[in-house]
Amino acid sequence: MIESARPGSEELVLGFLAEAGDEFVSGEAISDKLGLSRAAVWKHVDALRAQGYRIDAVPARGYRLMEIPDRLGELELRPLLNTHDLGQVLHWFEEVGSTNDIAKRLADDGAAHGEVVVAEAQTAGRGRRGRVWASPTGRNLTFSIILRPDLPPSRASELTLVASVALCQAVRQAGVPAGIKWPNDLLVHGRKLAGILTELAADPDRVQWVVLGIGVNVNVRAEEFPAELRDIATSLAMERGEPVPRALFAAAVLSSLEEWLDRHAEDGFPPVREAWRAMSITLGREVRVRASDRDLEGVAEDVDEAGALLVRTPAGLERVLAGDVELLRPR
Ligand code: BTN
């Protein structure tokens, strides 16, 4: 596990090389800039190589970063983050049961707003409504973000929609035309790309913490899905026809999420609701809804000011706060 709030010298060397892109950077420039001896720079480059970074060293030219390992650890993610809170403390694991379970434990023990738990593999990944979230090792994005919003429990459900808008924005920026199925599934051409599992602890008048567990199919290939998911799931790579750099995408999700959390904290739910409506693939559709206490069918008309789904049924307008939506025919 890696836990650190401040970049170490190794990360700084890596950041320097990453910033130079395809260019060589001289050992002298790195040592001057970072206040390290040339031997120390060499030692850090060697340590980075041992972790899977491919770094060319050419006499009289310097170092050049050729390849970074496809991992979501501190070293890969930190240089890409442009957030003020989210991911500033990162808990990275090769394998866990569920990142949500780890994040909940950390939150109970006092973890700060924005701490992120990320894993290359989950042995007990959980989906909404008791389902399993399966994801092959090192292919996708499975992470959980601890939030400490200043909200009464009655408004906590808004964060689920904040997260879906932010995630949808990041996916669209990656060139994949996703839409949101209420409340927070991301679908592309009718197939599931990503899901969000929100869990929280609250006092009677205030939310203590929220854990947003996000699972995105990033580089999983069609044949790697379990047979029952093959026809109903997709990944960014399948949609784009090429692999997607996971660390870059993870950083983009955190940046988008922070942007929307800030907007929500400043302006409340209305702009989130507006964006959610614009990204929705649910509204205007005939739907079958499995709510906790009943099943109903009708046309999804809107989301209300609390994020509940409003469904026009033969019996009248029904308000659904939590449930599963199946999209039937377009209207
Ligand atoms: C769903 O669509 O049902 C929600 C899926 C959420 C999966 C993510 S993966 C990271 C985090 N850890 C978990 O165990 N679940 C969430």
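Here, the structure is the one placed above.
Here the structure is a predicted model, which means the values were calculated and not measured.

Engineer: Is there a simple way to think about the site of the ligand in this case?
Structural biologist: Near the ligand lie 20 residues; those nearest to it are S98, Q122, R126, R128 and K192. Contacts to the ligand include Q122, whose side-chain N or O atom sits 2.9 Å from a nitrogen atom. At a separation of 2.6 Å, an oxygen atom of the ligand approaches a polar backbone atom of R128. For the ligand, the protein covers 99% of the area, taking 420 Å² as the surface of the free molecule. Comparing atom positions with the cavity grids shows the ligand to sit within the largest pocket. When contributions to the shell around the ligand are tallied by element, the ones reaching two or more residues are α5 (99-108), β5 (141-147), β8 (191-202) and β9 (207-216). Sort the elements by how many residues they give to the shell around the ligand and β8 lands first, with four residues. Split by residue class, the shell around the ligand holds five nonpolar, 11 polar and four charged.

Engineer: Help me understand the packing of aromatic side chains, please; the structure alone is not making it clear to me.
Structural biologist: Two measures describe an aromatic ring pair: the distance that separates the ring centres and the angle between the ring planes. Applying the stated criterion across every chain yields a total of one aromatic pair. The positively charged end of R263 is found above the aromatic ring belonging to W260, 4.2 Å away from the centroid.

Engineer: What am I meant to see in the pattern of salt bridges here?
Structural biologist: Side chains that differ in sign of charge can pair as their charged atoms come close. The full count for this structure, using the stated rule, is 34 salt bridges. A salt bridge links E223 to R221; the nearest nitrogen and oxygen atoms lie 3.2 Å apart. For E318, the salt bridge is made with R294, and the minimal N-O distance between the two is 2.5 Å. Here E318 is found in strand β13 (residues 316-320), whereas its partner R294 is found in the loop between β10 (285-291) and β11 (295-303), with 24 residues between them in sequence. Look at E318 and you get partly exposed, because its relative accessible area is 24%. Taken together, the shared-partner salt bridges connect R288, R290, D295, E297 and E326 into one network.

Engineer: Would you explain helix α3 (residues 38-50) in this entry?
Structural biologist: Think of an α-helix as turning once every 3.6 residues; residues three or four places apart then point the same way. In this model α3 runs 19 Å from its N-terminal to its C-terminal C-alpha over 13 residues, within 8% of the 18 Å that 1.5 Å per residue would give. Just past α3, the residue G52 takes up positive phi, approximately 105°.

Engineer: Quick question: what am I supposed to make of the sheet that holds strand β6 (residues 179-181) here?
Structural biologist: Hydrogen bonds along the backbone pair up the strands of a sheet, which may run parallel or antiparallel. Taken together, seven strands build an open sheet; the order of strands is β3-β4-β5-β9-β8-β7-β6 and the sheet is mixed. The sheet is open, and its two borders are formed by β3 (90-96) and β6, each paired with just one other strand. Neighbour to neighbour, the strand axes of the sheet diverge by 20° on average, direction disregarded. Inspection of the sheet shows β8 paired to β9 by nine bridges, in the antiparallel sense. Looking at β9, one finds that A194 is bridged to V216. Those strands touched by helix α6 (residues 157-173) are β6, β7 (185-188), β8 and β9, and its axis lies near 145° from that of β8.

Cut-offs used in this document
- Residues numbered from 1 in each chain as written.
- Predicted model: local features only at pLDDT ≥ 70, side-chain atom pairs only at ≥ 80, totals over all residues.
- Heavy atoms only, no water.
- Near = heavy atom within 4 Å.
- Polar contact = N/O pair within 3.5 Å; in protein donor to acceptor, adjacent residues only side chain to side chain.
- Areas by Shrake-Rupley, 256 points an atom, 1.4 Å probe, with all protein chains shown as cover.
- 1 Å grid on protein atoms, 1.4 Å probe; cavity = no way out; pocket = protein on both sides within 12 Å on 5 of 7 lines; lining within 4 Å.
- Sits in = over half its atoms within 2 Å of the grid points.
- Helix = DSSP H or I, 4+ residues; strand = E, 2+ residues; numbered from the N terminus.
- Nonpolar A, V, L, I, M, F, W, Y, C, P; charged D, E, K, R; others polar.
- Phe/Tyr/Trp six-rings, centres within 6.5 Å; stacked < 30°, edge-to-face > 60°.
- Lys NZ or Arg CZ within 6 Å of the ring centre and 35° of its normal.
- Salt bridge = Lys/Arg side-chain N within 4 Å of Asp/Glu carboxyl O.
- Buried < 20%, exposed > 50% of the residue type's maximum accessible area, 1.4 Å probe, protein only.
- Expected span 1.5 Å × (residues − 1).
- Pairing = 2+ DSSP bridges.
- Axes fitted to C-alpha atoms, helices over the stretch in contact; angles between N-to-C directions.
- Contact = heavy atoms within 4.5 Å.

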